[in-house]
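# Chains, contacts and geometry: an overview
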Amino acid sequence: MTRPNIWQLKPYSSARDEYQGIAASVFLDANENPYNNPNNRYPDPMQWELKKNLSKLKGVAPEHIFLGNGSDEAIDLVFRAFCEPRVDNVVAIEPTYGMYLVAAEINDVEYRKVLLDEHFQFTAEKMLEAADEHTKAMFLCTPNNPTGNDLNRKEIVKLLNAFDGLVIVDEAYNDFSEEPSFLTRLDEFPNLVVLQTFSKAWGCAAIRLGMAFASPDIIGIFNKIKYPYNVNQLTQQQAMEMLHRHYEKQRWVEVLKEERNRLESEFAALHCVQQVFPSNANFFLVRVTNAVHIYNYLVGEGIIVRNRHAVTLCGNCLRITVGTRAENEALLEALRKYGK
Ligand SMILES: *Cc1c(COP(=O)(O)O)cnc(C)c1O
């Protein structure tokens, strides 16, 4: 599965990698400045402390965890590690998160789209039909962005069983869904890569921290090719602090789910709304009378939503992120006023 150059690669060995001995107090190995403590020292390249804490919360051993500069780093590493440019390809549902395609294009890897049905669902069969002997990975996103729905679980399992390459299950919005995570099934499927992030439910988009969970073999390859200090010290510390406050995250999730459900039913009653798509995320998709016009009207009111009109199957659709009660009310107020 791995590209031959990556398989044979001898990774860069940093000073912090090489020293793993007994406790020391004098560090003269990494050309660091001895002043300006604590920011003068290189961070732990493998983020072991953070992974140990995460491991307890997720019930997944540290060897199964990769941490990166957002999930976007893990998405890019899939291509760099496994896909030979201009030779290999990947298959993904369509529409979905735009970064899979961008990462494919940057890495010069063919990206094959498999259209979702009118309920925004997929089948393993259609994904497999799009694949050939050069297909290295398949991308699923559940709940899916921008459609907001959970993908059919049975079909995901079917694909994991039937496909020889990697199946990436992006769970960026899993906290907002009632479906269980695929994390518990890592041992069952050596080809499964689960992506999660601190950017959504954890409220930490600014610190750029993404997680990939997979077999130690796959994680080992990611670790081999990542930048040595890909997660900085401030991010590691802030994440550790957030893990201690995971009850607060859970409260946010409950509030946002309630607000989402309220907002969705309020939207259904608006004149300019034609269809509200049920969501299992912290956003929802809505089909309106004229997406471009309403988007621009909202901009004029100082409210920014995401115009998805140009996206496949999403004609005249806006994607609405659930905000605070006050923000959501401002949006509803503006839309009630629209066209009056
Ligand atoms: C927001 C989002 C992410 C998170 O990306 P980060 O780089 O971790 O901020 C990942 N996947 C999907 C589908 C998303 O919508």
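Above this text is the structure in question.
Residues numbered from 1 in each chain as written. Predicted model: local features only at pLDDT ≥ 70, side-chain atom pairs only at ≥ 80, totals over all residues. Heavy atoms only, no water.

Bringing the site of the ligand into the picture now. Taken together, 13 residues form the shell around the ligand, and within it Tyr-173, Thr-197, Ser-199, Lys-200 and Arg-208 come nearest. Between the ligand and Asp-170 there is a distance of 2.7 Å, counted from a nitrogen atom to a side-chain nitrogen or oxygen. Between the ligand and the protein, one listed contact pairs an oxygen atom with a side-chain N or O atom of Tyr-173 at 2.6 Å. Relative to its unbound accessible surface of 390 Å², the ligand loses 94% to contact with the protein. The class makeup of the residues in the shell around the ligand is four nonpolar, five polar and four charged. (Near = heavy atom within 4 Å. Polar contact = N/O pair within 3.5 Å; in protein donor to acceptor, adjacent residues only side chain to side chain. Areas by Shrake-Rupley, 256 points an atom, 1.4 Å probe, with all protein chains shown as cover. Nonpolar A, V, L, I, M, F, W, Y, C, P; charged D, E, K, R; others polar.)

Let's shift gears to unusual backbone geometry. For the bond running from Glu-94 to Pro-95, omega is 0°, close enough to zero to count as cis. Summarising the element assignment, Pro-95 is placed in the loop between β2 (89-94) and α5 (99-106). Within the chain, Phe-120 stands out as a residue other than glycine whose phi angle is a positive 60°. Residue position: Phe-120 is located in the loop between β3 (110-115) and α6 (124-130). The exposure class assigned to Phe-120 is buried, which follows from its relative accessible area of 5%. (Helix = DSSP H or I, 4+ residues; strand = E, 2+ residues; numbered from the N terminus. Buried < 20%, exposed > 50% of the residue type's maximum accessible area, 1.4 Å probe, protein only.)

With that out of the way, let us pick up the side chain of Glu-32. Here Glu-32 is to be found in the loop between α2 (15-18) and α3 (48-58). On the basis of relative accessible area, Glu-32 is assigned to the buried category, the value being 15%. A polar atom in the side chain of Glu-32 sits 2.9 Å from the backbone nitrogen of Tyr-42. Not counting the four nearest positions on each side in its chain, Glu-32 is found in contact with Arg-16, Asn-40, Arg-41 and Tyr-42. (Contact = heavy atoms within 4.5 Å.)

Below, the discussion takes up the pattern of salt bridges. Inspection of every chain in the model, using the stated rule, returns 23 salt bridges. A salt bridge links Glu-110 to Arg-112; the shortest N-O distance between them is 2.9 Å. With a shortest N-O distance of 3.8 Å, Lys-257 and Glu-254 are connected by a salt bridge. Taken together, the positions of Lys-257 and Glu-254, both in helix α10 (residues 246-268) and three residues apart, correspond to about one turn of that helix. Taken together, the shared-partner salt bridges in this structure form one network comprising Glu-259, Arg-262, Arg-325 and Glu-329. (Salt bridge = Lys/Arg side-chain N within 4 Å of Asp/Glu carboxyl O.)

Moving on, we get to the pairing of strand β7 (residues 210-213). The alternating pattern of β7 places Gly-210 and Ala-212 and Met-211 and Phe-213 on opposite faces, both of which are buried. Sheet topology places strand β1 (residues 65-68) next to β7; four bridges connect them, and they run antiparallel. If you follow Gly-68 over to β7, its bridge partner there is Gly-210. (Pairing = 2+ DSSP bridges.)

What follows concerns the side chain of Gln-236. Looking at the element boundaries, Gln-236 is found in helix α9 (residues 233-244). Apart from residues no more than four positions distant in its own chain, Gln-236 is found in contact with Pro-43, Asp-44, Gln-47, Leu-50 and Val-231.

Our focus in this paragraph is the sheet that holds strand β10 (residues 306-307). On the basis of which strands lie adjacent, the open sheet formed by four strands has the order β8-β9-β11-β10 and antiparallel pairing. Strands at the two margins of the open sheet, each flanked by one partner only, are β8 (273-276) and β10. Note that β10 and strand β11 (residues 317-321) share two bridges and pair antiparallel. The residue of β11 that forms the bridge with Asn-307 is Leu-318.

Formed by 45 residues in total, the largest nonpolar core has its most connected members in Phe-122, Met-127, Leu-140, Leu-159 and Phe-198. With near-sequence residues (within four places) excluded, Leu-140 lies in contact with Ile-93, Tyr-100, Phe-122, Met-127, Leu-151, Ile-156, Leu-159, Val-167, Ile-168, Val-169 and Asp-170. Phe-82, Ile-219, Phe-222 and Ile-225 belong to the second-largest nonpolar core, a separate cluster that totals 31 residues. (Core = buried A, V, L, I, M, F, W, Y, C linked by side-chain atoms within 4.5 Å.)

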